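A closer look at the structure
Below are the chains, spelled out letter by letter.
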Amino acid sequence: MNAVRDPAAGPGTRSGTDAEVIVVGAGPTGLLLGAELALGGVRVQIIERRATAQRDSRALTLHPRSIELMDQRGLVERFLARGRPVPGWHFAGLDTPLDFSALDTRHGYTLFLAQARTEQLLEERARELGVTIRRGHEVVGLRQDAGGDGAGDGGSGAGGAEVDVRGPDGTVETVRARYVAGCDGGRSVVRRAAGIGFPGTDETLSGALGDFATVDPAALDRARAHGVLAVPLEPADAYTGDPAAGRTGGLTRIVLLDPQRMRTPAAEPLTFDEFRASLLRICGTDCGVAGARWLSRFGNATRLAARYRSGRVLLAGDAAHIHFPAAGQGLNTGLQDAMNLGWKLASEINGWAPPGLLDSYHAERHPAGQAVTENTEVQTLLAELTLLPSYQRPAAALRKLMAGLLGIEEVNRRLAGLVSALDTGYPPADAGAHPLAGRRMPDIALTAAGSAAVRVYELLPHGRFVLLDLAGDDEMKRAVDTGWGPRVAAFTVTGHAPRADLDGVREILVRPDGHVAWATCTTDVQTRRAERARALADWAGLPAGEERPARG
């Protein structure tokens, strides 16, 4: 076995309960990944170093694509009930906002929702699906079977990984699993143990944030006019489950970049006096801040994992990509990683994944991570230049120019699609594929024989492929149910909302993560049936009776 182990792991070890997948990290990415795996019938353990759930919230937003993912799993109402929709967003804090409401989605807004609340809702989901979450346990070692990288074993059970886990009492147990998913943040133990490189740039800039129980509302507009972010949060103790705990009222999050302190290392503790002094320098008022509940710095180190997979180890979220929190994309990118990986890894473990499906996780999500790291570097530069005396005048002109360009509808839509992740698509391997292939499936209204659902996303909560027959092939549902029934839900569509990109489309295969796997305009029924069979085999594996054995 390839081995990495902490020499300070502890005096004693014992064998732990096995799992099919160990997810390291109970942040939003790890919790959603655990839930997605459990939805696919996989036994999951989530290992989390912290003894209690995180109450401080660095991230505050769910962007449109992430809200769509919650909609696809029937969870969106839980999130909407707790969050606050905001139709406009920003790119680099420019004066002209991004208009999410103009995008092709039912959820054209950002949802203000503290990360602690997002984690609480995702943990509820994971526990409902039977996921084991072990808090107060730390991964201190990781080993993979030599040669057992999972490539092509088809769920046969050959190969695996072992994780050494130190519990609250110092005892170390060894847990064996088929795969390990590192969702354990920018300093990921899993990534280092797997030997995966993390190239990028070191921190050169830091910002500051604070959550305050008391502020002067009249001063906040003045602060915002000087580039300070100020937004209301839920009550400080909203996540304890104690109805009386929130009586102290809500918090206000204030985020700033202070030219005199922006070279301070993010690891250096931030004091209330320093934060107050920064506010006074930047906007001439301290905004009446008092009752600081949390103070923190954040830096602009930007790194992207060289690989999202190494044998039996996979990375997601901040373990795979870190960057300055420009436009609030980090948490959202992690959720989208989890949604992409969950069904693919579950299909591999269940034995029906076609060759190369699990490797497509890196192929699809690594470019998405690169796009985020690049656009956040651009946004950070646009903000930083205005703070440097020698660049302030041209930087102000550049920002004015950019703000003007954002007033052009197509430019605004382009950047809004980028930040919201609604434009994220996965190029198909077949150059002759239908233009829909790889794109998000539009959440069109439809009527489907045998189903009460009225939207495409209402067909996706079970995490299976969905095959939509828009042409009325009498044999389609029987053929799909017989060959791929547990993996693919087939629906004959008797009517749907008109869309130009669906003109002439006869069938659409939608992936469990809501992207289009295959679509066809072929009118000849026999030819279309042959195309469908190939597409199903390419994405959902061989039909029943031909698939490889599951789980060994």
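One can find the structure itself at the top, above this paragraph.
Residues numbered from 1 in each chain as written. Predicted model: local features only at pLDDT ≥ 70, side-chain atom pairs only at ≥ 80, totals over all residues. Heavy atoms only, no water.

Counting its secondary structure elements, the protein contains 13 helices and 28 strands. In terms of overall dimensions, the protein has C-alpha extents of about 75 × 65 × 50 Å along its principal axes. Out of the 552 residues belonging to the protein, those deemed buried represent 55%. Considering only contacts in the protein between residues 6 or more positions apart, those separated by 24 or more positions represent 74%. Accessible area for the protein stands at about 22500 Å²; split by element, carbon and sulfur atoms hold 53% of it. Taken as two groups, the 62 positive and 66 negative side-chain charges of the protein have centres that lie 2 Å from each other. (Helix = DSSP H or I, 4+ residues; strand = E, 2+ residues; numbered from the N terminus. Buried < 20%, exposed > 50% of the residue type's maximum accessible area, 1.4 Å probe, protein only. Contact = heavy atoms within 4.5 Å. Areas by Shrake-Rupley, 256 points an atom, 1.4 Å probe, with all protein chains shown as cover. Lys, Arg positive; Asp, Glu negative; His and termini not counted. Charge placed at Lys NZ, Arg CZ, Asp CG, Glu CD.)

What follows concerns the packing of helix α2 (residues 64-72) against helix α8 (residues 330-350). Following both chains from N to C, one finds α2 and α8 inclined at 40°, their axes separated by 9 Å at the closest point. In terms of orientation, α2 and α8 fall into the oblique class. When the axes of α2 and α8 are compared, the crossing they make is left-handed. Of α8, the residues touching α2 (which contributes R65, S66, L69 and Q72) are N332, L335, Q336 and M339. Of the residues assigned to the contact of α2 with α8, the class counts are 3 nonpolar, 4 polar and 1 charged. (Axes fitted to C-alpha atoms, helices over the stretch in contact; angles between N-to-C directions. Parallel < 35°, antiparallel > 145°, perpendicular 65-115°, else oblique. Left-handed = near helix turned anticlockwise from the far one by under 90°. Nonpolar A, V, L, I, M, F, W, Y, C, P; charged D, E, K, R; others polar.)

Before going further, it helps to examine the environment of E234. Position of E234 among the secondary structure elements: in strand β17 (residues 229-235). Among the residues examined, E234 registers a relative accessible area of 18% and is labelled buried. Between the alpha carbons of E234 and A116 there is a distance of 10.0 Å; along the sequence they are 118 residues apart.

Further remarks concern the pairing of strand β4 (residues 44-48). Among the 5 residues of β4, 5 are classified as buried, and the element is accordingly described as predominantly covered. Burial along β4 is two-sided: V44, I46 and E48 facing one way and Q45 and I47 facing the other are all buried. Pairing between strand β3 (residues 21-24) and β4: 4 bridges, direction parallel. The residue of β4 that forms the bridge with V24 is I47. Pairing of β4 with strand β10 (residues 132-135) involves 4 bridges; the strand directions are parallel. (Pairing = 2+ DSSP bridges.)

Right, let's talk about the sheet that holds strand β27 (residues 507-510) for a bit. Taken together, the 5 strands give an open sheet; going across it, the order is β24-β26-β25-β27-β28, and neighbouring strands pair in mixed fashion. Edge positions in the open sheet fall to β24 (446-448) and β28 (516-520), since each of these has one partner strand only. Neighbour-to-neighbour, the strand axes of the sheet open up by a mean angle of 25°, direction not taken into account. The pairing of β24 with strand β26 (residues 488-496) spans 3 bridges and is antiparallel. Bridging from a neighbouring strand, T447 pairs with G495 of β26. Against the sheet, helix α13 (residues 525-540) makes contact with β25 (465-469), β26, β27 and β28, and its axis sits at roughly 170° relative to β28, the strand it touches most.

Okay, helix α4 (residues 115-128) next. Taking 1.5 Å as the rise per residue, α4 with 14 residues should run 20 Å; its terminal C-alpha atoms sit 20 Å apart, in good agreement. The element α4 is extensively covered by neighbouring structure, given that 10 of its 14 residues are classed as buried. Positive backbone phi, at 90°, marks G130, one or two positions downstream of α4. (Expected span 1.5 Å × (residues − 1).)

Moving on to the pattern of salt bridges. Applying the stated rule across the entire model yields 43 salt bridges. A salt bridge links E68 to R65; its shortest N-O distance comes to 2.6 Å. A residue pair is termed a helical-turn pair when its members lie 3 or 4 positions apart in one helix, as E68 and R65 do in helix α2 at 3 residues. You'll find E68 and R65 in the same group, each marked buried. (Salt bridge = Lys/Arg side-chain N within 4 Å of Asp/Glu carboxyl O.)

Working note: regular strand, side chains alternate between the two faces of the sheet. When you tally the buried positions in strand β12 (residues 161-166), you get 5 out of 6 residues, the bulk of the element. The sheet contact formed by strand β11 (residues 138-144) and β12 spans 6 bridges and is antiparallel. When the sheet's bridge partners are listed, E138 is paired in β12 with R166. Across 6 bridges, the pairing between β12 and strand β13 (residues 172-177) is antiparallel. In the strand pairing of β13, V165 is matched with E173.

With that settled, consider the packing of aromatic side chains. A full pass over the atoms with the stated rule returns 7 aromatic pairs. With a centroid separation of 5.3 Å and an interplanar angle of 45°, the aromatic rings of F298 and F324 are classed as tilted. One end of the pair, F298, is in strand β19 (residues 290-299); the other, F324, is in the loop between β23 (321-322) and α8, with 26 residues separating them in the sequence. Classification of F324 by relative accessible area gives buried; the value is 8%. Ring-pair connections join several aromatic residues into one group, and the members of that group are F212, F272 and F275. (Phe/Tyr/Trp six-rings, centres within 6.5 Å; stacked < 30°, edge-to-face > 60°.)

For T252, the location among the structural elements is in strand β18 (residues 250-256). Overall, the relative accessible area of 11% leaves T252 in the buried class. Setting aside its immediate chain neighbours within four residues, T252 contacts G210, D211, F212, V215, L220, V231, P232 and L233.

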